[in-house]
Amino acid sequence: MTARTAFAVIAFAAALIAPFVVHSDFWMGFLITTLLYAYMGMAWNVLGGYAGQVSFGHAIFFGTGAYTSTILHISFGLNPWLGMVAAAVAAGLVGALIGYLSFRYGLRGSYFALITLAFAEVFRILANSFEFTGGGVGLYVPLKIGWWNLQFPSKTGFYYLALALTCLSLAIGAWLENSRFGASLMAIRENESAAEALGVNAFACKLKAIILSGAMMGVGGTFYAQHYLYIDPTIAYGPGVSVEVLLVPIIGGLGTMLGPLLGSAVLHGAGELARRLMGDVPGLDLVFYGVLLIVMVRFLPEGVIGLLRRRHKPGAAHA
Amino acid sequence: MMRRTKTNVTRRQLLAGAAAGAAIGTLGFPAVLRAQVPSVKVGILHPVTGAISYSGTQSRAGALIAIEEINAAGGIKALGGAKIEPLLADAQSRPDVGAAEIEKLNEAGAVAVIGPYASAIAIATTAAAAKHNLPHLVDVGVADQVVTRGLTNTFRFAPGLAKTVETAINNLVKLNEAAGKPVKTVMIIHEESAFGSGMASTLNAELPKHGFEIVETIKHANPTRDFSNIVLRVQARKPDLIIPSNYYNEYVLFARALRQQRVQTKGIYSILGGGASSYKFVKEFPDAAAYVMDCNHWFDPRKAQALALKDKVEKQGLFFTYEVFLNYCNVYLLADALERAASTKREDIIAALASSTWDKHIMPYGPTKFVNGQNEGAQPVNTQVLDNDIKVIFPLEFASANAVFPVPERKG
Amino acid sequence: MLELTILLPALINGLTLGAVYALVALGLTLIYGVLHIINFAHGSLLMAALYGVFFLNTGLGIDPYAAIVVMVPALFAAGYVLQRSVIGKASHGKDQNVLLVTLGIAIVIENLALALFSADTRTIDTPYAFEMVDLGIAFVPLPRVIAFIAALAVTAVLWFIIARTDLGRAIRAVAKERQGARLVGIDVDHIFAMSFGIGTACLGAAACLLLPTFYVSPGVGHVFVLIAFTVVVLGGMGSFVGALVGGFIIGVTESLGGLLLGESLGQIGIFLIFIAILLLRPTGLFGSRLS
């Protein structure tokens, strides 16, 4: 335990001083993306990993967050920091709606996965059709650089924000692993009827999980919009984000505190490695990435975290 | 037809192989090269994978041809004959990846970046490049926001959306008046994303002012799998003119469905049409393409350099699309700025671009004149598919043929 | 009113379009029904099959319909090998890992196609592409009519294989209770691979029937994959008749939705039906499983 604590402190200290050591904006950008996806991967992990409700449509929350803060900023001049809070609320509400419908009707497994996918498509089509979302034209976040405007003049600002979000997500993971609520979610994942027999209100727990998960994703959406200054229905609600945030925790270690962080680091590292190795023929780097994905699943069925566990306590069962 | 397609493929594979070879080459002996001839690194950033990879690949090809030509002609003379060294980058059809690639190019020592085809990606890449004061030439990226955000590093050689739609409407009015006003009713069929939607709303606001009645505007999804019902509606509304704006795949399906149902109109007039001014479309669907008009980026058919380039591109087994020649021009525009700046300092290059009056391009534009990053001399032109070829019909000073409008009735 | 005069032709269009969707979904429903996995590679396998048909046509001059005799066995073999040597081995029988593996396969196939064939949109030229069949109320392109009939035929063939052959009995046993099937001596891995192979073979047929009226590019799989999932859920995962009827329903919904709500917003009808079915009747219209 002490060794672990020491390691955590060192890792955190390293993360804090990284901007002073890393002078490359490219690598800073790489770290920002890695941390952002680690954070959003944990958002997915709350519902998909701990509670066992695999979602294919987490872009619903990401997109809702991105649109909420951006629309409020453009139309009502709301400060994006406050917009980020509004994004969390809006995405949480959408989570409540989808969760209420799906869990009320007892959807599980692939049925739940598919309904989230369908909702994401519905949102994408709606965003495409309405005036206030800019329709297919999308929305441009006005370029007004300044930290109070959530448009940092350098990568360092975005880095510390992403780092703060990641630390928050790790804290949420730690809380889930040590709280009654987290234990209830894991009990539901293992056997829902058994959990209910033990007095867990599965419906309420799952609903709370999807709201928390959605709200976290919503913040990620605002982060994205402020970072890249443009969103459209496909960026916001398309399958790209949904797939990426589920890959991250599954590759890292489903339902674990460190899984999303490890997964994000490995996936983005693999992507970058592929680009550097495979040269300029379009697509070859992604072929390599795909192969790497399959190989990782083949040899690390428990995720990257399995590698660490195997070393620490052999035979430790995956929760 | 069959055999030609086959050689296409093998040529393209060869090309891919050559590109890989070139990449290995730059990794393998850069030290030797650098010791002898100085080089200027230029970022060539396009979406060569993902949803819009076709356009990205075409763009890259155009840029590489220009670089090869410039290097063969002695490189940048003001820099001691420095060769342009392309740093190829892939935006994967995603704005965030595009922005990350800008950082990589910046650190790899690019003196400027050309790309990234799509407006959504350009919004992210120009802002990222601005932070390093890295000159960014936007090749296509028609959204007006690309150049209206006060970024001093951003230059767009080609016309933006507002200018294009305005020209398209003006030319349509002239065309219609010259023909004795055969067109009164118009139907707009557009794709749902930024470019189609933006166009449709401008058309709906402007066309009625010129006496056109818009009988229906149909917005369709990307991808749309079937155009039968849209064509049914066209048949029922019987518009004099159809204005489509869609991406290539949808354009092909739509044109094919129109042909299948034997739809008769007085004309098809597209704006930045996915297929209308595409040699690929004309070659593969000559029947559906006949007489289609388009208002689009197009080269000046009277310039020998343009025709030589077309020949060269076709010899590589590629189609001569606007992505190719716009990127080709952007490389030359940058080369001109480098010659005048006689420096690889970013601020010098930006100053040289901003004061650029370059007129040796292959486009039907005047000399370049950048106002807030937009080349005010740029304009789209009208083309029409005539005799299985694409001819310029408007403006008249660049025209290579007379417009056939209204189009003759079809038999069968 | 305009909408009424074209209602019937639009309905016909919807049905023929639905037949195409059913063709793509039939294989997916078999794979889901037996292996209980969501196969993300389905769209990219369709794309690969379309390239196969394209090159047989442009390279060797083989008519796309004649190409069925090549494409069906080829895709069967590809599916069998893929399941036996990649998906089965790499996934360790875990659902989330199957997901990743099929996703990985999709990324590999799609980008391999991009690297090898470039991003060009390709079409083939057939003498009958513009032939129309007069159905009294509408003119329908001949290739669409052929695809419609073929969808019925493929459904019948699949039903026959599953309901009337020894292989079908083994597949049903595995679908229902894989441990039990193993105990009575069925080679479950072989049956999984056979099911995946047959499901993929359906894509070979679908590609041959689709290409005369469509196009192929490395991303073409995405055009159909979501629709195919919708059809599978609607009809009931594992039900062939369900996939056929589901295809028709989705085709007609898309067609009429486009008419009433506009082509872009009209797409929403598909997903609203999908959501409603999931909520109210998650086993689909025709029940799930291969029974």
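This text follows the structure it describes.
A quick note: this is a predicted structure, and the numbers were derived from the prediction, not measured.

Quick word on the overall build of chain A
Scanning chain A from terminus to terminus reveals 14 helices and 2 strands. Overall size of chain A, expressed as C-alpha extent along the three principal axes, is 55 × 50 × 40 Å. The buried share of chain A, taken over its 319 residues, is 60%. Considering only contacts in chain A between residues 6 or more positions apart, those separated by 24 or more positions represent 76%.

Regarding the interface of chain B and chain C
On the chain C side, the residues contacting the 40 residues of chain B number 46 residues. Buried surface at the junction of chain B and chain C, summed over both partners, amounts to about 3700 Å²; 56% is from carbon and sulfur atoms. Taken together, chain B and chain C are joined by 2 salt bridges. In this structure, C:Glu254 and B:Arg225 form a salt bridge, with 3.3 Å as the shortest nitrogen-oxygen distance. In this structure, the connection of chain B to chain C is made through 18 residue pairs in polar contact (both at pLDDT 80 or more). Secondary structure elements with two or more residues in the side of chain B that touches chain C: α1 (2-28), α3 (53-72), β7 (213-220), α8 (228-237), α9 (248-260) and α10 (279-284) of chain B. Considered class by class, the residues forming the side of chain B that touches chain C number 14 nonpolar, 11 polar and 15 charged.

Side note on the environment of B:Glu107
With respect to the helices and strands, B:Glu107 occurs in helix α4 (residues 95-107). A relative accessible area of 37% means that B:Glu107 is categorised as partly exposed. Once the C-alpha coordinates of B:Glu107 and B:Glu323 are considered, the two residues, 216 residues apart in sequence, prove to be 27 Å apart. What B:Glu107 contacts, discounting residues up to four positions off in sequence, is A:Ser24, A:Asp25 and A:Phe26. Engagement of the side chain of B:Glu107 in a polar contact is seen with the backbone nitrogen of A:Asp25, the distance being 2.4 Å.

Let's talk about the interface of chain C and chain A
Contact residues are listed per partner, giving 40 residues for chain C and 38 residues for chain A. Summing the contributions of chain C and of chain A, the shared interface buries around 3500 Å²; its carbon and sulfur component is 82%. The tally of links between chain C and chain A comes to 1 salt bridge. In this structure, C:Lys94 engages A:Glu302 in a salt bridge whose closest nitrogen and oxygen atoms are separated by 3.1 Å. Run the count over chain C and chain A and you get 5 residue pairs in polar contact (both at pLDDT 80 or more). At the level of elements, α4 (68-91), α5 (95-117), α10 (221-235) and α12 (268-280) of chain C are the ones that each hand at least two residues to the side of chain C that touches chain A. Ranked by residues supplied to the side of chain C that touches chain A, first place goes to α5(C) with 14 residues. When the residues that make up the side of chain C that touches chain A are grouped by side-chain class, the tally is 29 nonpolar, 9 polar and 2 charged.

Some details on the packing of aromatic side chains
Residues and elements named next belong to chain A. Enumeration over the complete set of coordinates arrives at 40 aromatic pairs over all chains. Ring centres 5.1 Å apart and planes at 75° place the aromatic pair Trp 27 and Phe 30 in the edge-to-face group. Taken together, the residues Trp 27 and Phe 30, both in helix α2 (residues 25-50) and 3 residues apart, mark about one turn of the helix. Using a relative accessible area of 36% as the deciding quantity, one classes Trp 27 as partly exposed.

Some thoughts on the sheet that holds strand β10 (residues 293-296) of chain B
Residues and elements named next belong to chain B. As summarised here, the arrangement of the 7 strands in space is β7-β6-β8-β9-β10-β13-β14, forming an open sheet in which the pairing is mixed. Each end of this open sheet is capped by a strand with a single partner; those strands are β7 and β14 (389-394). On average, each strand axis in the sheet is inclined to that of its neighbour by 25°, with strand direction left out of account. Examined bridge by bridge, strand β9 (residues 267-271) and β10 share 3 bridges and lie parallel to one another. If you follow Tyr 269 over to β10, its bridge partner there is Met 293.

Remarks on the pattern of salt bridges
A complete count under the given rule lists 30 salt bridges over all chains for this structure. When the shortest N-O distance is used, the salt bridge between A:Glu121 and A:Arg124 registers 3.0 Å. Of this pair, A:Glu121 and A:Arg124 both sit in helix α5 (residues 109-129), 3 residues apart, which is roughly one turn of that helix. For the pair A:Glu121 and A:Arg124, a shared accessibility class is recorded, and that class is buried. With its nearest N and O atoms 3.4 Å apart, the salt bridge here joins A:Lys155 to B:Glu103. With A:Lys155 in helix α6 (residues 155-178) and B:Glu103 in helix α4, this pair bridges two chains. The buried category is assigned to A:Lys155, whose relative accessible area is 13%.

So, the side chain of B:Asn229
Structurally, B:Asn229 is set in helix α8. Residue class for B:Asn229 comes out buried when judged on its relative accessible area of 5%. Within the local environment of B:Asn229, its side chain forms a polar contact with the side chain of C:Asn13, the two groups lying 2.9 Å apart. Apart from residues lying up to four places away in sequence, B:Asn229 is in contact with C:Ala10, C:Asn13, C:Ser255 and C:Glu263.

Details of the side chain of A:Glu272
Secondary-structure assignment places A:Glu272 in helix α12 (residues 259-278). According to the relative accessible area criterion, A:Glu272 is buried, its value standing at 9%. Here A:Glu272 is in contact with A:Phe26, A:Trp27, A:Phe30 and B:Lys104, once residues within four sequence places are set aside.

Quick word on the packing of α3(B) against helix α13 (residues 322-341) of chain B
All names here are of chain B. Taken N-terminus to C-terminus, the directions of α3 and α13 make an angle of 40°; their axes are 7 Å apart at the nearest point. The orientation of α3 relative to α13 falls into the category oblique. Two packed elements cross with a definite hand, and for α3 against α13 that hand is right-handed. Here Ser 55, Gln 58, Ser 59, Gly 62, Ala 63, Ile 65, Ala 66, Ile 67, Glu 69 and Ile 70 of α3 lie close against α13, whose contacting residues are Glu 323, Val 324, Asn 327, Tyr 328, Val 331, Tyr 332 and Ala 335.

Concerning unusual backbone geometry
Following B:Gly115, the chain continues into B:Pro116 via a peptide bond in cis, with omega recorded as -15°. Checked against the element boundaries, B:Pro116 lands in the loop between β3 (112-115) and α5 (119-130). That bond from B:Asn222 to B:Pro223 is cis: its omega, -5°, falls within 30 degrees of zero. Summarising the element assignment, B:Pro223 is placed in the loop between β7 and α8. Residue A:Leu150 is not a glycine yet carries a positive backbone phi of 55°. Here A:Leu150 is to be found in the loop between β1 (139-140) and α6. Note on A:Leu150: relative accessible area 0%, which makes it buried. Residue B:Asn133 is not a glycine yet carries a positive backbone phi of 55°. Structurally, B:Asn133 can be placed in the loop between α5 and β4 (136-138).

Quick word on the pairing of β3(B)
Residue and element names in this part refer to chain B. Along β3, one buried face is formed by Ala 112 and Ile 114 and the opposite face, lined by Val 113 and Gly 115, is buried too. Relative to β3, strand β1 (residues 39-46) runs parallel, the two sharing 3 bridges. The residue of β3 that forms the bridge with Val 42 is Ala 112. Bridge count between β3 and β4: 3 bridges; the pairing is parallel. Bridging across to β4, Gly 115 finds its partner in Val 138. Read from β3 through α5 to β4, the crossover connection turns out right-handed.

About the cut-offs
Residues numbered from 1 in each chain as written. Chains lettered and ligands numbered in written order. Predicted model: local features only at pLDDT ≥ 70, side-chain atom pairs only at ≥ 80, totals over all residues. Heavy atoms only, no water. Helix = DSSP H or I, 4+ residues; strand = E, 2+ residues; numbered from the N terminus. Buried < 20%, exposed > 50% of the residue type's maximum accessible area, 1.4 Å probe, protein only. Contact = heavy atoms within 4.5 Å. Buried area = accessible area lost by both parts, 1.4 Å probe. Salt bridge = Lys/Arg side-chain N within 4 Å of Asp/Glu carboxyl O. Polar contact = N/O pair within 3.5 Å; in protein donor to acceptor, adjacent residues only side chain to side chain. Nonpolar A, V, L, I, M, F, W, Y, C, P; charged D, E, K, R; others polar. Phe/Tyr/Trp six-rings, centres within 6.5 Å; stacked < 30°, edge-to-face > 60°. Pairing = 2+ DSSP bridges. Axes fitted to C-alpha atoms, helices over the stretch in contact; angles between N-to-C directions. Parallel < 35°, antiparallel > 145°, perpendicular 65-115°, else oblique. Left-handed = near helix turned anticlockwise from the far one by under 90°. Right-handed = clockwise from strand over helix to strand, strands pointing away.

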